[in-house]
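Understanding the architecture of this molecule
The primary structure of each chain is shown beneath.
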Amino acid sequence: MATLNYQAPATVEDAVRILAGTGGVAKLLAGGTDLLVQLRSGRVKPELIIDTKKIPGLIGIREVDGGFIIGAATSGAVIGEHEALGRAWPGVVEAANLIGSTQVQGRASLAGNLCNASPAADSVPALIAAKATCVIVGPKGQREAPVESIVTSPGRTSLARDEIITEFHLPKRPPRSADAYLRFIPRTEMDIAVVGVGVNVTLDASGVCRDARVSLGAVAPTPLLVPEAAAALIGRKLDQTALDALDAAARKACKPIDDKRGTIDYRIKVAGVLARRAAAIAFERAGERR
Ligand SMILES: Cc1cc2nc3c(=O)[nH]c(=O)nc-3n(C[C@H](O)[C@H](O)[C@H](O)COP(=O)(O)OP(=O)(O)OC[C@H]3O[C@@H](n4cnc5c(N)ncnc54)[C@H](O)[C@@H]3O)c2cc1C
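Attention here is on the structure that accompanies the text.

**A word on the overall build of the protein**
Regarding its fold elements, the protein presents 11 helices and 14 strands. The C-alpha atoms of the protein give 19 Å as radius of gyration, which agrees with the globular expectation for 290 residues (19 Å, within 12%). Expressed as lengths along the three principal axes of its C-alpha atoms, the size of the protein is roughly 65 × 45 × 35 Å. When each of the 290 residues of the protein is scored for burial, the buried share is 51%. In the protein, of all internal contacts separated by at least 6 residues, the share reaching a separation of at least 24 is 61%. Surface summary for the protein: the accessible area is close to 13,500 Å², and the carbon and sulfur share equals 53%.

**A few points about the site of the ligand**
The environment of the ligand is formed by 30 residues, the closest being Leu28, Thr33, Asp34, Ser109 and Asp122. Between an oxygen atom of the ligand and a side-chain N or O atom of Ser109, the distance comes to 2.6 Å. Here an oxygen atom of the ligand and a side-chain polar atom of Arg183 are 2.9 Å apart. Looking at the shell around the ligand, the elements with two or more residues in it are strand E2 (26–29), helix H7 (110–115) and strand E10 (164–170). The leading source of residues in the shell around the ligand is H7, at 4 residues.

**Observations concerning the pattern of salt bridges**
Throughout the structure, instances matching the rule amount to 15 salt bridges. Among the salt bridges present, the one from Asp191 reaches Arg187, with a minimum N-O distance of 3.7 Å. For Asp191, a relative accessible area of 15% puts it in the buried group. Between Arg276 and Asp244 there is a salt bridge, and its shortest N-O distance comes to 2.6 Å. With Arg276 in helix H11 (residues 264–287) and Asp244 in helix H10 (residues 240–253), the pair connects residues that are 32 residues apart, well separated along the chain. Among the ionic contacts, a cluster of salt bridges with common partners joins Asp244, Asp247, Arg251 and Arg276.

**Regarding the side chain of Asp122**
Note on placement: Asp122 falls in the loop between H7 and helix H8 (123–129). Taking the relative accessible area as the measure of exposure, Asp122 reaches 6% and is therefore buried. There is a polar contact of 2.6 Å between the side chain of Asp122 and the side chain of Tyr181. In this structure, Asp122 is in contact with Ala95, Leu98, Ile99, Asn113, Tyr181, Arg183 and Ala193, ignoring residues within four places of it in sequence.

**Remarks on the sheet that holds strand E7 (residues 141–146)**
The 5 strands lie next to each other as E4-E5-E10-E6-E7, forming an open sheet whose pairing is antiparallel. Of all the strands in the sheet, the pair left with one neighbour each is strand E4 (61–64) and E7. Strand-to-strand twist of the sheet, defined as the mean angle between neighbouring strand axes without regard to direction, takes the value 25°. Note: strand E6 (residues 133–138) against E7, 6 bridges, orientation antiparallel. Considered in E7, the bridge of Gly138 is made with Gly141. Across the sheet, helix H1 (residues 12–21) is in contact with E6 and E10; its angle to E10 comes to roughly 135°.

**Focus: the nonpolar core**
Formed by 50 residues in total, the largest nonpolar core has its most connected members in Leu85, Leu114, Phe168 and Leu170. For this core, the element with the highest residue contribution is H1, accounting for 5 residues. When residues no more than four places from it in sequence are discounted, the contact partners of Leu85 are Ile61, Phe68, Ile70, Ile79, Pro90, Val93 and Leu170.

**Details of the packing of aromatic side chains**
Enumeration according to the criterion identifies 1 aromatic pair in this entry. One residue, Arg173, lies across the ring of Trp89, its end atom 3.4 Å from the ring centre.

**Description of the sheet that holds strand E3 (residues 48–51)**
Taken in spatial order, the 3 strands of this open sheet run E1-E3-E2, and their pairing is parallel. Bordering the open sheet on either side are strand E1 (5–7) and E2, each of which pairs with just one other strand. Across the sheet, the axes of successive neighbouring strands diverge by a mean angle of 20°, strand direction being ignored. Bridge count between E1 and E3: 3 bridges; the pairing is parallel. Note on E3: the bridge partner recorded for Tyr6 is Ile49. Most of the contacts of H1 go to E3, to which it runs at about 170°, and overall it touches E1, E2 and E3.

**Quick notes on the packing of H10 against H11**
Relative placement of two packed helices is described by the angle separating their axes and the distance separating the axes. Running from N to C, H10 and H11 cross one another at 140°; their axes reach a closest spacing of 8 Å. One finds that H10 runs oblique with respect to H11. When you trace H10 past H11, the crossing you get is right-handed. Taking contact as the criterion, the partners of Gln240, Leu243, Asp244, Leu246, Asp247, Ala250 and Arg251 in H10 are, on H11, Ile268, Lys269, Ala271, Gly272, Val273, Ala275, Arg276 and Ala279. The residue makeup of the contact of H10 with H11, split by class, is 8 nonpolar, 2 polar and 5 charged.

Scoring rules and cut-offs
- Residue indices begin from 1 for each chain and proceed along its sequence in written order.
- Where local features are concerned, this predicted model is filtered to residues with pLDDT of at least 70; where side-chain atom pairs are given and counted, the filter is 80 or more; whole-chain, interface and lining totals use all residues.
- Hydrogen atoms and water are omitted, and side-chain values are computed over all heavy atoms in the structure.
- The secondary structure listing takes helices from DSSP runs of H or I that are at least 4 residues long and strands from runs of E that are at least 2 residues long, numbered from the N terminus.
- The reference for a compact globule is 2.2 Å times residues^0.38; the radius of gyration itself is calculated from the C-alpha atoms.
- Exposure categories follow from relative accessible area, calculated using a 1.4 Å probe and restricted to protein chains: below 20% of the type maximum is buried, above 50% is exposed, and the middle band is partly exposed.
- In what follows, a contact means two residues having at least one pair of non-hydrogen atoms within 4.5 Å.
- Using the Shrake-Rupley algorithm and a 1.4 Å probe, accessible areas are obtained, with residue cover drawn only from the displayed protein chains.
- Throughout this document, a residue counts as near a molecule or strand when at least one of its heavy atoms sits within 4 Å of that molecule or strand.
- Counted as a polar contact is a pair of N or O atoms within 3.5 Å, where, for protein atoms, one must be capable of donating a hydrogen and the other of accepting one, and residues adjacent in sequence contribute only when both atoms are in side chains.
- Here a salt bridge means any side-chain nitrogen of Lys or Arg lying within 4 Å of a carboxyl oxygen belonging to Asp or Glu.
- Strand pairing is assigned whenever DSSP detects at least two bridges linking the two strands.
- Geometry is summarised by axes, namely lines fitted to C-alpha atoms with helices restricted to the contacting stretch, and by angles between N-to-C directions that run from 0 to 180 degrees.
- Buried Ala, Val, Leu, Ile, Met, Phe, Trp, Tyr and Cys residues form a nonpolar core when they are joined through side-chain atoms within 4.5 Å.
- Between 30 and 60 degrees the pair is tilted, below 30 it is stacked and above 60 it is edge-to-face, where a pair is any two Phe, Tyr or Trp rings, Trp via its six-membered ring, whose centres lie within 6.5 Å.
- For a lysine, the NZ atom is tested; for an arginine, the CZ atom; a charge sits over a ring if that atom is within 6 Å of the ring centre and within 35 degrees of the ring normal.
- Any angle from 65 to 115 degrees is called roughly perpendicular, while one under 35 is roughly parallel, one over 145 is roughly antiparallel, and all others are oblique.
- Two helices cross in a left-handed way if the nearer one is turned anticlockwise from the farther one by less than a right angle. They cross in a right-handed way if the turn is clockwise.
- Throughout this entry, Asp, Glu, Lys and Arg are counted as charged residues, while Ala, Val, Leu, Ile, Met, Phe, Trp, Tyr, Cys and Pro are counted as nonpolar. The remaining residues, Gly among them, count as polar.

As far as function goes, none of this settles anything; it's purely spatial.
In structure tokens, the structure reads:
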């Protein structure tokens, strides 16, 4: 019978050394809310599990130079309780807090949500819209990569097998900036997004959008950054022309699948509608900030 080993290193260097030294399949463990389900179903059969939660720095949130650093294994519950983060990045926080139930929130992390590489992961479009980056450590040292470069196809990432994400960086906010995340699910809670939309904007004093990022989830094999949707907002107030252009650009970017949660046509339509609504929330939040 195959044995399953468990290690809980105390440093990132040890975690990387253990990962690099394993001949077979090793899996990093953060909250385990994806990994344990996959273990029980037999979908993954690692010979080693490396728990990341004992590594200092992998859990916690720090404010640095006006931006935020979120440890890779920090739970949704901790993220939701951080007042300054919630003020600066309400969209990122609301996306992280949509994941699962209260029980799941106590465990589920941003790194797990990203590295599980589901096209429908809720925090990922919000992080992409926020221009978040992640710090990745491997045997050759440390590198920083945009969140949108991590998921390459369903269940796959661009990380090498001996690399670990240690933290996420959210940049300093200019004045009159805000974000929002909305998802649509067929039930009222505990379901996978049919569509998720993250919108992040910076306005000028007259309410004209000077910078924007728009990201879509669950409508393609990977979460999408959609510059055409951002371009629909930049240089405009949120009038009917901007909303119609945003809706059209969001719909055009979709390459969804048909499944029991929604048809291709339905997902495309919902993407446009949710993009409008998320933009309206982001603009309203940004307008309230001086
Ligand atoms: C009941 C239930 C409801 C759920 N609802 C939602 C939902 O509404 N929205 C949603 O998006 N998801 C949902 N999920 C899925 C899951 O909770 C999330 O994807 C969660 O964020 C995973 O985080 P985790 O810390 O538990 O990851 P884990 O299960 O610990 O890890 C997931 C994957 O990431 C890898 N990994 C972990 N940490 C690192 C790291 N530091 N570097 C590199 N790779 C790493 C692991 O090896 C594994 O492959 C739900 C799950 C359950 C069980």
